[in-house]
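# Reading the structure
What follows is each chain in one-letter form.
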Amino acid sequence: MEALLLSIRLSLTVSAILLAIGVPLAYWLTFSRWPGKFFVEAIVALPLVLPPTVLGFYLLIAMGSNGPLGRFWQSTFGHGLAFTFTGLVIASVLYSLPFAVQPLAASFESVDRKLLDASTVLGAGRLRTFLRVILPLSIPGVISAIVLSFAHTLGEFGVVLMVGGNLAGTTRTVSIDIYDRVQSMDYAGANQVAVGLLLFSFVVLSIVYGVNRHLGRRIWSPWPAK
Amino acid sequence: MAGEMTKPALVLRIQFDRSPQANSKFVLDVQLEFDPGVTIIFGPSGAGKSTLLDCIAGLLHPQQGKITVGDETLLNTEGRVNLRPEQRHIGYVFQSLALFPHMTARDNIAYGLAHLTSEEQTQRINEILAAFDIDSLRSRKPRELSGGEQQRVALARALVTHPRVLLLDEPMTGLDDELKTSITQDLLTWNDRRKIPILYVTHSHEEAAALGGRMVFLKNGRIVDQLAR
């Protein structure tokens, strides 16, 4: 139960941070005309193709007592970053970044450009156009981004193990807990935790997709033929 | 006073080369003056009619030229003046109408009035809803409106801001003649009071005849003829 609660806390924190970072980043990736944009796109998508252990390894080095991030954290906050909940959050945010940014960018991209032209001709600047037109029409994409960030963080294993280790109550997430139980031949315990995670994930996804479908219908109903 | 020259409401001289952005070679090169009232912009597909309107609205940026409305310069490439679309105060009804699908008709119309107090907004909205006979549609979303109703809401949204110029890009495509006549009449009645230049792009001879006014014929980005009526 402790591991499940820790995983949920981690997933909620990471989803909130990814939403805050992902929205402006996805907006920039969608609308920027900077020729070097592909470079940023490649960096954002990197966790999709990189084995979690590779990402976890480099993050562990960066967060270690001799790494740049670890040294900065030690001098600013008086403690290290590796094998802490905060370290886990930072690693998970980087690992799940494409799962938030890509659905957001896809939904921003799908908004009819004529609506943006209409907004600007009617006197709205970029921020108002974003808040009043782009964002409300991208709600399904925003929900997808939150769900994918949450689900991906909830199920992550390799990065967590590399950066967080296996400290009960601090970094032992539900996937590590299941792995631990299997290693010690406690199949009944592993099954109990796994079923709990399965049911929780299914209920959350059903609720979110149900809401998304409802919103999607309300927003995207086809217009009557002229 | 005899011999006094009235300054045109909209003056433009622009050269816009679309070739750098598109694969096809196309250059719009026009010089025009517009007085208050309707001017029909006529021409085949690809003549540059919508490009002309987009340049005036500030959605496209001519490489060379000057656009002035009254005493204000919207664009002057030599003087490095290029007002953003939101600063130009121009009404634009797109061919697709581009009504915001998640907003009611009232919210669509109120969108361009954010700078006004709520009392002023209400007064303007009520006035335009009555002028275009769409008061009963105020709480409906675009998907709940017929084609003609959507057209009226789009016109009301463009005019409620009291623009200095109105651009209409084939706004009545697909409507029956009776509806076109009725909407056209409401538009002309509105402009009897406002007296702004209206640039109306159309393919339809019937619409051109119903609106009257001057006609400008465009072909391959150039003016090939003009007809004062």
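Here the structure is a predicted model, which is why all the values come from computation and not from measurement. Numbers given to residues run from 1 along each chain, matching the order in which its sequence is written. Chain letters and ligand numbers both follow the written order, the letters beginning at A and the numbers at 1. It should be noted that, the model being predicted, local features are given only for residues of pLDDT at least 70 and side-chain atom pairs only at 80 or more, the latter also being counted only at that level, while totals for whole chains, interfaces and linings use all residues.

## Points about the overall build of chain A
Helix numbering and strand numbering both begin at the N terminus, where a helix is a DSSP run of H or I of at least 4 residues and a strand a DSSP run of E of at least 2. Across its full length, chain A carries eleven helices and zero strands. Going residue by residue from the N terminus, the α and β elements of chain A occur as α-α-α-α-α-α-α-α-α-α-α. Its C-alpha atoms give chain A principal-axis dimensions of roughly 65 × 40 × 30 Å. Buried residues in chain A amount to 36% of all 226 residues. Placing C-beta atoms from the backbone, we regard two residues as in contact once those atoms come within 7 Å. Taking as baseline every contact in chain A between residues at least 6 positions apart, the subset at least 24 positions apart corresponds to 73%. Any residue surrounded by 20 or more other C-beta atoms within 10 Å of its C-beta is treated as buried, while 12 or fewer makes it exposed and the intermediate range makes it partly exposed; C-beta atoms here are placed from the backbone.

## Comments concerning the confidence of the model for chain A
Looking at chain A, the pLDDT average stands at 88 and 95% of residues meet or exceed 70. Within chain A, no element has a lower average pLDDT than helix H11 (residues 187-220) of chain A, which sits at 78, and none a higher one than helix H6 (residues 113-121) of chain A, at 96. pLDDT runs from 0 to 100 and stands for how confident the predictor is about each residue.

## A closer look at the pairing of strand E3 (residues 37-42) of chain B
Residues and elements named next belong to chain B. Taken across its six residues, E3 has five buried, putting it largely inside the fold. Examined bridge by bridge, E3 and strand E9 (residues 197-202) share six bridges and lie parallel to one another. Directly across from Phe 42, in E9, lies its bridge partner Thr 202. Between any two strands, at least two bridges found by DSSP are needed for them to pair. Note: E3 against strand E10 (residues 214-219), four bridges, orientation parallel. Among the inter-strand pairings, Ile 40 is bridged to a residue of E10, identified as Met 215.

## Structural notes on the sheet that holds strand E4 (residues 64-69) of chain B
Residue and element names in this part refer to chain B. Reading across from one edge, E2-E1-E4-E5-E6 is the order of the five strands in this open sheet, with antiparallel pairing throughout. Here the strands that pair on one side only, and so sit at the sheet edges, are strand E2 (27-34) and strand E6 (81-82). One ladder, built from two bridges, connects strand E5 (residues 72-76) with E6; its direction is antiparallel. Across the sheet, Leu 75 pairs through a bridge with Asn 82, a residue of E6.

## Quick word on the sheet that holds E10 of chain B
Residues and elements named next belong to chain B. Taken together, six strands build an open sheet; the order of strands is E7-E8-E9-E3-E10-E11 and the sheet is mixed. Each of the sheet's edge strands pairs with one partner strand only, and the pair in question is strand E7 (90-93) and strand E11 (222-227). Looking at each pair of strands side by side, their axes are set apart by 20 degrees on average, direction ignored. Lines fitted to C-alpha atoms define the axes here, with helix axes fitted over just the stretch in contact, and angles between the N-to-C directions of these axes take values from 0 to 180 degrees. Taken strand by strand, helix H1 (residues 49-57) contacts E3, E7, strand E8 (165-169), E9 and E10, and its axis lies near 150 degrees from that of E8.

## Describing the confidence of the model for chain B
Detailed reading of the predicted coordinates is not advisable wherever pLDDT falls low. When the pLDDT values of chain B are averaged, the result is 88; 95% of them are 70 or greater. Complex prediction metrics read pTM 0.85 and ipTM 0.90.

## A short note on the nonpolar core
By definition, a nonpolar core groups buried Ala, Val, Leu, Ile, Met, Phe, Trp, Tyr and Cys residues that connect through C-beta atoms lying within 7 Å of each other. Counting 115 residues, the largest nonpolar core has Val 163 of chain A together with Ile 56, Ala 156 and Leu 167 of chain B as its most contacted members. Here the element with the most residues in this core is helix H5 (residues 85-109) of chain A; it accounts for eleven residues. What counts as a domain boundary in this text is fixed by an automatic or database domain assignment. Looking at which domains feed residues into this core, each of domain 1 (1-89 + 163-229) and domain 2 (102-162) of chain B gives three or more. Not counting the four nearest positions on each side in its chain, Val 163 of chain A is found in contact with Gly 56, Leu 59, Leu 60, Met 63, Ala 82, Gly 87, Leu 88 and Ala 91 of chain A.

## So, the domain arrangement of chain B
Accessible area lost upon the coming together of the parts is a frequently used measure of interface size. Residues and elements named next belong to chain B. What the domain assignment lists for chain B is domain 1 (1-89 + 163-229) and domain 2 (102-162). Here the C-alpha centroids of domain 1 and domain 2 sit 23 Å apart. On the domain 2 side, the residues contacting the eleven residues of domain 1 number twelve residues. The biggest single contributor to the side of domain 1 that touches domain 2 is helix H6 (residues 177-194), with five residues. Just so you know the grouping, Ala, Val, Leu, Ile, Met, Phe, Trp, Tyr, Cys and Pro go in nonpolar, Asp, Glu, Lys and Arg go in charged, and all remaining residues, Gly too, go in polar. For the side of domain 1 that touches domain 2, the residue count by class is nine nonpolar, one polar and one charged.

## Let's talk about the interface of chain A and chain B
Residue-level contacts link 18 residues of chain A with 20 residues of chain B. Counting residues per element, the ones that place at least two in the side of chain A that touches chain B are H6 and helix H7 (126-137) of chain A. Sorting elements by how many residues they give to the side of chain A that touches chain B places H6 of chain A first, with six residues. Tallied by class, the residues present in the side of chain A that touches chain B amount to eleven nonpolar, four polar and three charged.

## Here we look at helix H10 (residues 174-183) of chain A
When we look at burial in H10 of chain A, the residues that qualify are Val 174, Ser 175, Ile 176, Asp 177 and Ile 178 of chain A. Looking one or two places after H10 of chain A, you find Met 185 of chain A, whose phi comes out positive at around 65 degrees.

## Structural notes on unusual backbone geometry
Residues and elements named next belong to chain B. Residue Arg 80 is not a glycine yet carries a positive backbone phi of 55 degrees. Relative to the helices and strands, Arg 80 resides in the loop between E5 and E6. Looking at Arg 80, the number of C-beta atoms within 10 Å reads 7, which means it is exposed. Residues other than glycine seldom take positive phi values, yet Lys 195 does so here, at roughly 55 degrees. Here Lys 195 shows up in the loop between H6 and E9. Classification of Lys 195 as exposed rests on a count of 10 C-beta atoms within 10 Å.

## A few points about the environment of Glu 86 of chain B
For Glu 86 of chain B, the location among the structural elements is in helix H2 (residues 85-88). Residue Glu 86 of chain B is classed as partly exposed on the basis of its 18 C-beta neighbours within 10 Å. Along the chain, Glu 86 of chain B and Asp 169 of chain B lie 83 residues apart, while their C-alpha atoms are 19 Å from each other. Contact partners of Glu 86 of chain B, with chain neighbours within four places excluded, come to Thr 120, Gly 123, Ala 124 and Gly 125 of chain A.

## Digging into the pairing of E5 of chain B
Looking along a regular strand, one sees side chains alternate from face to face of the sheet. Residue and element names in this part refer to chain B. As paired strands, E4 and E5 are joined by four bridges and run antiparallel to one another. The partner of Lys 66 across the bridge, within E5, is Asn 76. Hairpin geometry of E4 and E5 is characterised by an intervening segment of two residues between the two adjacent antiparallel strands and by a positive phi of about 60 degrees at Gly 70. The hairpin formed by E5 and E6 contains four residues between the paired strands, and Arg 80 there has a positive phi angle of roughly 55 degrees.

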